[in-house]
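Architecture at a glance
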Amino acid sequence: MAQNIEKRPLDEIDAFDPALLQNPYPYFSRLRAEAPVFRDPKTGIVSVSTYDLIQKVNTQPRLFSNDFGEQLRSGSATAMDPDELAILSEGILVRNTMLTADPPAHTRYRKLAMKAFTYKRVEAMSDYIAEVTNALIDGFAKNGACEFKSAFANLLPMTVIADALGVPRADMDRFRQWSDAFVVQLGGVSDKATRLDAAHKIVEFQNYFIEKIEEKRKTPTDDVTSALVHADLAEEGDPRKMDYAELLSILQQLLVAGNETTAHSLTAGLYFLIGNPEALQRVRQDQAAIPNFVEETLRFLTPTNNMWRLVTADTELGGVPLKKNDLVLLRYGSGNRDNTHFPEADRFDIARENAKSHLAFGSGIHSCLGAQLARKEIMTAFPILLERLGNIRLAHTGESLRYNPNILLRGVLELHIEFDGMP
């Protein structure tokens, strides 16, 4: 039965209901208005929903920790099933490196990973990304129609990250399955069978990359995987090379962060343009409008819709007392719809002056490692898409986006489009 979000008391609403996750914004609106810091009596999870309070949390990483992995496994709404743990135990217990680590460990690992995504390196990728974009469009442009996410949006970032990691493009179908498996693990709302299947795929991912790691140890190559394998931790005060637990942790984060949010943003961005003909006409006519369109797409969608934090000491936030070990859910999707920071926040506006101040990539020391690469991919792809595909329209009139129910990631499932011409 659908929940009556507008009238039902907040403490009776199931915030993890897959139906609510399809459209969480009425719930977010009520949180901001009635309880910007809200403790769910059913789970004990504390939601933080306004822009300013989310930013306040992100400026205090010692008090609001990212070391939440064990907390999730041991008793939250996303606690891991024993059968799932048994499958994962067949592989490697990965170490907390970036997403689920705090300084100094987080600082050390992020610094190493950032070497693969330097500003200079990403800026030099424009021609390469354009080449990949055109090759993918060649694959479907003559058909006059496609399911855009599977035909293009999934494949562009997956190709880029596969090439960066130095693994064969022929294996990309497997990468997609592995990435989806990690998303299931993060999501916390899938049924048991789906989570067990995901656990098997995660072990497959580990076995595959252990083999690649050993290949790179013997024969170094010019790619991210090899760079990580041969990274000298002595510079970071640790006289050794990284082990499997560390390498696999970083590689799985690069795999997911390197494609999921970008794929969702490409798909949603095209959908938003189709639904806003004036905006579509403007970005077709003026490529200078593309960067702000991309930022507004990121704000409006917020592909990383929520993120966890763990309270490390008794404190208060927004006048609400918090206890040590409280699990906090930062509602980035809500902060990006906060009218006090983004006027008329529920309106898609490619001319929005402060669009780039969005929270789609988080903020603070844990802001998204791949943000620059994601922006480069989206900003490179859209002018080419709009030049080569004329009169883009929905294949099914009135079609709305459907989202994969997930606590953390807001993922677009599919978008069926039709178009004219192939310049």
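Residues numbered from 1 in each chain as written. Predicted model: local features only at pLDDT ≥ 70, side-chain atom pairs only at ≥ 80, totals over all residues. Heavy atoms only, no water.

A closer look at the overall build of the chain
Definition in use: What counts as a helix is a DSSP run of H or I of at least four residues, what counts as a strand is a run of E of at least two, and both are numbered from the N terminus. Note that the radius of gyration is over C-alpha atoms, with the globule rule given as 2.2 Å times the number of residues to the power 0.38. Under the scheme applied here, a residue whose accessible area is under 20% of the maximum for its type counts as buried, over 50% as exposed, and between as partly exposed, the area being computed with a 1.4 Å probe on protein chains only.
On a plain count of helices and strands, the chain comes out with 19 helices and twelve strands. Taking 423 residues into account, the globule formula puts the C-alpha radius of gyration at 22 Å, and the chain, at 21 Å, falls close to it. Taken along its principal axes, the extent of the C-alpha atoms in the chain is 65 × 60 × 40 Å. Looking at the 423 residues of the chain, the share that counts as buried comes to 55%.

Some remarks on helix H14 (residues 244-257)
Side chains three or four residues apart in an α-helix point the same way, a direct result of the helix having 3.6 residues per turn. Stated formally: Given the number of residues in a helix, its expected span is that number minus one, multiplied by 1.5 Å. Within 3.5 Å is the distance limit for a polar contact, defined as a pair of N or O atoms, with the added protein rule that one can donate a hydrogen and the other accept it, and that residues adjacent in sequence qualify only through two side-chain atoms.
Over its 14 residues, H14 extends 19 Å from the first C-alpha to the last, a length consistent with the 20 Å expected when each residue adds 1.5 Å. Taken across its 14 residues, H14 has twelve buried, putting it largely inside the fold. All of the buried residues along H14 are Ala 245, Glu 246, Leu 247, Leu 248, Ser 249, Ile 250, Leu 251, Gln 252, Gln 253, Leu 254, Leu 255 and Val 256. Of the residues flanking the start of H14, the one acting as N-cap is Asp 243, its side-chain oxygen 3.2 Å from the backbone nitrogen of Ala 245.

A word on the sheet that holds strand E9 (residues 390-394)
Rules: For two strands to be treated as a pair, DSSP must find at least two bridges joining them. Lines fitted to C-alpha atoms define the axes here, with helix axes fitted over just the stretch in contact, and angles between the N-to-C directions of these axes take values from 0 to 180 degrees. Whether two residues are in contact is decided by their heavy atoms, any of which lying within 4.5 Å being enough.
Read across the sheet, three strands follow the order E4-E12-E9 without closing on themselves; strand pairing throughout is antiparallel. Among the strands making up the open sheet, the edge pair consists of strand E4 (145-147) and E9. Direction aside, the axes of adjacent strands within the sheet are offset by 25 degrees on average. Across the sheet, helix H15 (residues 260-274) touches E9 and strand E12 (416-420), and the angle it forms with E9 is around 100 degrees.

Details of the confidence of the model for the chain
Stated formally: Per-residue confidence from the prediction method is given by pLDDT, with values spanning 0 to 100.
In this model, the chain carries an average pLDDT of 90, and 94% of its residues clear a pLDDT of 70 or more. Here residues 73-78 is a poorly scored stretch, pLDDT under 50, and it has 15 contacts once near neighbours within four places are set aside; other chains count.

Considering the packing of helix H8 (residues 126-138) against helix H19 (residues 371-388)
Where we set the bar: Roughly parallel means an angle under 35 degrees; roughly antiparallel, over 145; roughly perpendicular, 65 to 115; everything else is oblique. The crossing is said to be left-handed when, going from far helix to near helix, the turn is anticlockwise and less than a right angle, and right-handed when the turn is clockwise. For this scheme, ten residues count as nonpolar: Ala, Val, Leu, Ile, Met, Phe, Trp, Tyr, Cys and Pro. Four count as charged, namely Asp, Glu, Lys and Arg, and the remainder, Gly too, count as polar.
Put simply, H8 and H19 touch, their axes get as near as 9 Å, and they point 45 degrees apart. The angle between H8 and H19 falls in the class oblique. Crossing angle aside, the handedness with which H8 passes H19 is right-handed. For the pair formed by H8 and H19, the contact residues are Ser 126, Ile 129, Ala 130, Thr 133, Asn 134, Ile 137 and Asp 138 on the first element and Lys 376, Glu 377, Thr 380, Ala 381, Ile 384, Leu 385 and Arg 388 on the second. Looking at the contact of H8 with H19 residue by residue, the classes come out as six nonpolar, four polar and four charged.

Comments concerning the sheet that holds strand E1 (residues 37-39)
With mixed pairing, five strands are arranged side by side in an open sheet as E1-E2-E8-E5-E3. Only two strands of the sheet have a single neighbouring strand rather than two, namely E1 and strand E3 (64-65). Pairing of strand E2 (residues 46-48) with strand E8 (residues 327-330) involves three bridges; the strand directions are parallel. Each residue of the ladder has a partner; that of Val 48, found in E8, is Leu 330. Across the face of the sheet, helix H3 (residues 51-58) comes into contact with E1, E2, E3, strand E5 (307-311) and E8 while running at roughly 125 degrees to E8.

With respect to the packing of aromatic side chains
Just so we agree on the cut-off: Stacked, tilted and edge-to-face pairs are distinguished by plane angle, under 30 degrees for stacked and over 60 for edge-to-face with tilted covering the rest, among Phe, Tyr and Trp rings (Trp via its six-membered ring) whose centres lie within 6.5 Å. A positively charged side chain is recorded as over a ring if its NZ (Lys) or CZ (Arg) lies within 6 Å of the ring centre. The angle to the ring normal must also be within 35 degrees.
Taken as a whole and judged by the stated rule, the model has 18 aromatic pairs. Judged by centre distance (5.8 Å) and plane angle (75 degrees), the rings of Phe 175 and Tyr 208 are edge-to-face. Within this pair, whereas Phe 175 is found in helix H11 (residues 172-187), its partner Tyr 208 is found in helix H12 (residues 192-218), the two being separated by 33 residues in sequence. Just as Phe 175 is buried, Tyr 208 falls in that class too. Joined through ring pairs, the aromatic side chains of Phe 175, Trp 178, Phe 182, Phe 205, Tyr 208 and Phe 209 make up one cluster. Sitting over the face of the ring of Phe 300, Arg 337 holds its NZ or CZ atom 3.9 Å from the ring centroid. A cation over a ring is seen here: Arg 410 above Tyr 403, with NZ or CZ 3.6 Å from the ring centre.

Details of the environment of Thr 397
Along the chain, Thr 397 falls in the loop between E9 and strand E10 (403-404). Under the relative-accessibility criterion, Thr 397 is labelled exposed at 82%.

Remarks on the pattern of salt bridges
As a reminder of what qualifies: In what follows, salt bridge is the name for a side-chain nitrogen of Lys or Arg lying within 4 Å of a carboxyl oxygen of Asp or Glu.
Tallied over the entire structure, the rule returns 27 salt bridges. Close ionic contact of Glu 246 with Arg 95 constitutes a salt bridge, the shortest N to O distance being 3.2 Å. Placement of the pair is Glu 246 in helix H14 and Arg 95 in the loop between helix H5 (82-88) and helix H6 (105-114), with a sequence separation of 151 residues. The exposure class of Arg 95 is partly exposed, given its relative accessible area of 35%. One salt-bridge network, held together by shared partners, links Arg 95, Asp 243 and Glu 246.

Section: the nonpolar core
Rules: Here, nonpolar core refers to any group of buried Ala, Val, Leu, Ile, Met, Phe, Trp, Tyr and Cys residues whose side-chain atoms link them within 4.5 Å.
Membership of the largest hydrophobic core comes to 125 residues, with the highest contact counts inside it found for Phe 148 and Phe 152. Excluding anything up to four places from it in sequence, Phe 152 contacts Thr 133, Leu 136, Ile 137, Phe 140, Leu 266, Ala 381 and Leu 385. Residues Leu 10, Leu 20, Tyr 25 and Ala 35 belong to the second largest nonpolar core, which totals eleven residues.

Some remarks on the side chain of Asn 306
With respect to the helices and strands, the residue Asn 306 is situated in the loop between helix H17 (290-301) and E5. Within the local environment of Asn 306, its side chain forms a polar contact with the backbone oxygen of Ile 407, the two atoms lying 2.7 Å apart. In this structure Asn 306 touches Phe 28, Leu 329, Leu 330, Arg 331, Tyr 332, Ile 407 and Leu 408, once residues within four positions along its chain are discounted.

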